[in-house]
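The primary structure of each chain is shown beneath.
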Amino acid sequence: MNRRTFLQAAPVGIGLSYLSSNLLAQNENGTARHPLLATQNPIIIRGRDAAMGVLKPNAKDLEHGLNLHAESIVFDSYGFAPRASVDGDALAKLDAAHASDVEFGEARINMSMIRPATEPKEREEFQEAFRCAGVTCIFQNAGEEGQAVPRLLQRLARFTFLTDMQRDVLVRASLPVDIENAKKAGKHCLYLTGNGTPLPQTWITVQEELAYVQYFFQLGIRMMHLTYNRRNMLADGCAETANGGLSDFGRAAIAEMNRVGVIVDVAHTGWRSSREAAEASTKPMVASHTACNAINEHIRAKPDDVIKAICDTGGLVGICLIPNFLGGSGDISRLLDHIDYVVKKFGIDHVAIGTDVAHTSQHAAEENKKVPKRPRSRSRFAALWPSGSLGGNWPGRATLAWTNWPLITVGLVQRGYSDEEIQKIIGGNVMRVCKEVLPEELQSLNG
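J.: Now, about the overall build of the chain: what can you tell me, with residues and values included?
T.: Of regular secondary structure, the chain possesses 20 helices and 9 strands. Expressed along its principal axes, the backbone C-alpha trace of the chain runs to roughly 75 × 55 × 45 Å. Residue burial in the chain is summarised as follows: out of 447 residues, 57% are buried. By sequence separation, contacts in the chain at least 24 residues apart represent 77% of the contacts at least 6 residues apart.

J.: Please set out the nonpolar core residue by residue, giving values where relevant.
T.: For soluble globular proteins, nonpolar side chains are generally found buried alongside one another. Formed by 91 residues in total, the largest nonpolar core has its most connected members in Leu226, Ile339, Trp402 and Ile425. Of all the elements, helix H16 (residues 332-346) adds the most residues to this core, at 8 residues. Apart from residues no more than four positions distant in its own chain, isoleucine 425 is found in contact with Ile339, Val343, Ile348, Val351, Ala352, Ile353, Leu412 and Tyr417. Membership of the second largest hydrophobic core comes to 21 residues, among which are Tyr191, Met223, Ala358 and Val437.

J.: Pulling in residues and values, what's your account of the side chain of histidine 188?
T.: Assignment of secondary structure puts histidine 188 in strand E4 (residues 188-194). Here the side chain of histidine 188 touches valine 135 through a polar contact of 2.7 Å, landing on its backbone oxygen. If near-sequence neighbours (up to four positions away) are discounted, histidine 188 is found in contact with Phe130, Arg131, Val135, Thr136, Val169, Leu170 and Val171.

J.: Could you give me a rundown of helix H12 (residues 248-260), with the residues and numbers involved?
T.: Under the 1.5 Å per step criterion, the end-to-end length of H12 is 19 Å for 13 residues, consistent within 8% with the ideal 18 Å. Inspection of H12 places Phe249, Gly250, Ala253, Ile254, Glu256, Met257, Asn258 and Val260 among the buried residues, and these make up the whole buried set. Those residues of H12 that are buried lie in contact with helix H10 (206-209), helix H11 (211-218), strand E5 (221-225), strand E6 (263-265) and helix H13 (271-280). After H12 finishes, the residue glycine 261 shows a positive phi value of roughly 110°.

J.: Summarise the state of the cysteines; cite the residues concerned and give the values.
T.: Applying the stated criterion across every chain yields a total of 0 disulfides. The structure places no disulfide on cysteine 132, whose sulfur is separated from the nearest cysteine sulfur, that of cysteine 189, by 18 Å. There is no disulfide at cysteine 238, and the cysteine sulfur nearest it, in cysteine 320, is 11 Å away.

J.: Please give an account of the confidence of the model for the chain that cites residues and values.
T.: With 93% of its residues at a pLDDT of 70 or more, the chain shows a mean pLDDT of 92. Of the regions scoring below 50 in pLDDT, residues 1-32 engages in 54 contacts with residues more than four places distant in sequence or in other chains.

J.: Got a sec to walk through the packing of aromatic side chains? Specific residues and values, please.
T.: One pass over the full model with this rule turns up 9 aromatic pairs. With 5.8 Å between their ring centres and 85° between their planes, tyrosine 78 and phenylalanine 80 make a pair best called edge-to-face. Both rings, one in tyrosine 212 and one in tyrosine 215, keep their centres 5.0 Å apart while their planes meet at 80°; by these two values the pair is edge-to-face. Of this pair, tyrosine 212 and tyrosine 215 are both found in helix H11, 3 residues apart, which corresponds to roughly one turn of the helix. Classification of tyrosine 212 by relative accessible area gives partly exposed; the value is 28%. Ring pairing ties together the aromatic residues Phe75, Phe139 and Tyr191, which thus form one cluster. A cation over a ring is seen here: arginine 222 above phenylalanine 217, with NZ or CZ 3.9 Å from the ring centre.

J.: Account for the pattern of salt bridges, naming residues and giving values.
T.: Using the criterion set out here, one finds 25 salt bridges in the structure. When the shortest N-O distance is used, the salt bridge between aspartate 236 and arginine 231 registers 2.6 Å. Assessed through its relative accessible area of 3%, aspartate 236 is described here as buried. By relative accessible area, which is 47% here, arginine 231 ends up partly exposed. A salt bridge links arginine 251 to glutamate 276; the shortest N-O distance between them is 3.5 Å. Remark: glutamate 276 occurs in helix H13 and arginine 251 occurs in helix H12; sequence separation between them is 25 residues. We classify arginine 251 as partly exposed; its relative accessible area is 37%. For glutamate 276, a relative accessible area of 12% corresponds to the buried category.

J.: An account of helix H18 (residues 405-414) is needed here, citing residue identities and associated values.
T.: For H18, the buried fraction is high: 9 of the 10 residues fall into the buried class. Buried within H18 are the following residues: Trp405, Pro406, Leu407, Ile408, Thr409, Val410, Gly411, Leu412 and Val413. One or two residues past the end of H18 sits glycine 416, with phi positive at roughly 95°.

J.: I'd like a rundown of the environment of aspartate 95, residues and numbers included.
T.: Position of aspartate 95 relative to the elements: it lies in helix H5 (residues 88-96). Overall, aspartate 95 belongs to the partly exposed group, its relative accessible area being 22%. Sequence separation between aspartate 95 and phenylalanine 80 is 15 residues; the distance between their C-alpha atoms is 27 Å. Setting aside its immediate chain neighbours within four residues, aspartate 95 contacts Phe104, Pro372 and Arg374.

J.: Provide a residue-level description of the environment of aspartate 164, including the pertinent values.
T.: Tracing the backbone shows aspartate 164 in helix H8 (residues 149-164). The partly exposed category is assigned to aspartate 164, whose relative accessible area is 29%. Separated by 206 residues in sequence, aspartate 164 and lysine 370 have C-alpha atoms that sit 30 Å apart. A distance of 3.4 Å separates the side chain of aspartate 164 from the side chain of arginine 172, its partner in a polar contact.

What counts and how
For every chain, the first residue of its written sequence is number 1, and the numbers climb from 1 along that sequence. For this predicted model, a pLDDT threshold of at least 70 governs which residues receive local features, and a threshold of 80 or more governs which side-chain atom pairs are given and counted, while totals over whole chains, interfaces and linings are taken from all residues. The basis for every side-chain value is the complete set of heavy atoms in the structure, and neither hydrogens nor water enter the calculation. Only DSSP runs of H or I with at least four residues qualify as helices, and only runs of E with at least two residues qualify as strands; both kinds are numbered from the N terminus onward. Each residue gets one of three labels from its accessible area relative to the maximum for its type: buried under 20%, exposed over 50%, partly exposed in between, using a 1.4 Å probe on protein chains only. Two residues form a contact once any of their heavy atoms are found within 4.5 Å. The set of buried Ala, Val, Leu, Ile, Met, Phe, Trp, Tyr and Cys residues whose side-chain atoms join them within 4.5 Å is what this entry labels a nonpolar core. Distance and chemistry together define a polar contact, namely a pair of N or O atoms within 3.5 Å, with one atom able to donate a hydrogen and the other to accept it when in protein, and with adjacent residues in sequence counting only for side-chain atoms on both sides. Expected helix span is given by 1.5 Å per residue-to-residue step, counting one fewer step than there are residues. Any cysteine sulfur atom paired with another within 2.5 Å is treated as part of a disulfide. You can read pLDDT as the predictor saying how much it trusts each residue, on a scale of 0 to 100. We call Phe, Tyr and Trp rings a pair once their centres come within 6.5 Å, taking the six-membered ring for Trp, and we label the pair stacked below 30 degrees between planes, edge-to-face above 60, and tilted otherwise. We call a charge positioned over a ring when the NZ of a Lys or the CZ of an Arg lies within 6 Å of the ring centre and within 35 degrees of the ring normal. By definition, a salt bridge exists where a carboxyl oxygen of Asp or Glu is found within 4 Å of a side-chain nitrogen of Lys or Arg.

And the structure:
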């Protein structure tokens, strides 16, 4: 029995644990497994079983979706590279040495981000998660929330190190052509974004204050948030009750981002500020990881007038994989509902998928057991998550695993999208925006 016959003979809705170990095991004629489903990782299998139970694709749609996904540039419009487990013993020693909360927290974050570069088992897990997700590139969060330059540099340094130490499989892209070349070479890559606009905060002149936008562009940052959830000197964040608009300084910052070639991102920005940012921007801008407020009212979703303003710039909205933001069933079918809404209301060229989630190593639970419990600290100032906006019981959460990217493509096939339309949604639209925002002097370097 050949691979096509085997796939077509599979029962509708069969669990992916069966698919991984049997359906796509080496067939009688020696054909190889489909790499997108070949795994023994229990976390990946659990998520895919859950998603298959919701989608229940027939064999034809499953095969078509997987093959289309494998041959396409898949670009996560905002996400996180697979997270490693921590070194539990090292954290226990830090605790015994009375490390401060900041020192302890930074060590933990550092381990989760860079251990794939230094620990063989985490490197193997990292690469398997990327392979199973079939993701070409992630617009990687490489800057912690806020404007402080030293804080933003920490995460940028970590992902620079991560890519430098895995050059055989992972590229730190500087231009969209690097992403295209990575796909051709069978590699994956990160395109870097910051969770804030870097500012020295000396407030001498506007020009001096915005100089770091170009510096960070030169360091590889290609997209910046105007705000996180709180108000800052540029605009109001999405959790501020005042819903104030863009400041004069915010308009100057957008002009500088447009000039330098940084994509303006309003994913965490308030509705009025987001709309005014779109009116101010002369280049395509984005809400890289959000949802449609018309489907589910949430501070992190965007209403129709804001989405339209973003689309009018030539930009896009990336639909995230967070159940609270999606609402309803909070599963992969609900994600597809939000995508459908943007396509039908605003057009196929203006939607992407910005997962805002990460695969977590199967070794994490074991290592976390070694880490001593520390007193709970107060919430960070930047957080500002109003009661009810996070948390809750979402039984369908597992269907939204980051490694389920191929099944999102299968779901789009089921919804009747053409191959060309699907390729725009899963990566093409993000690539277009990245190219159009580049400054003129770099356009020739991008091929």
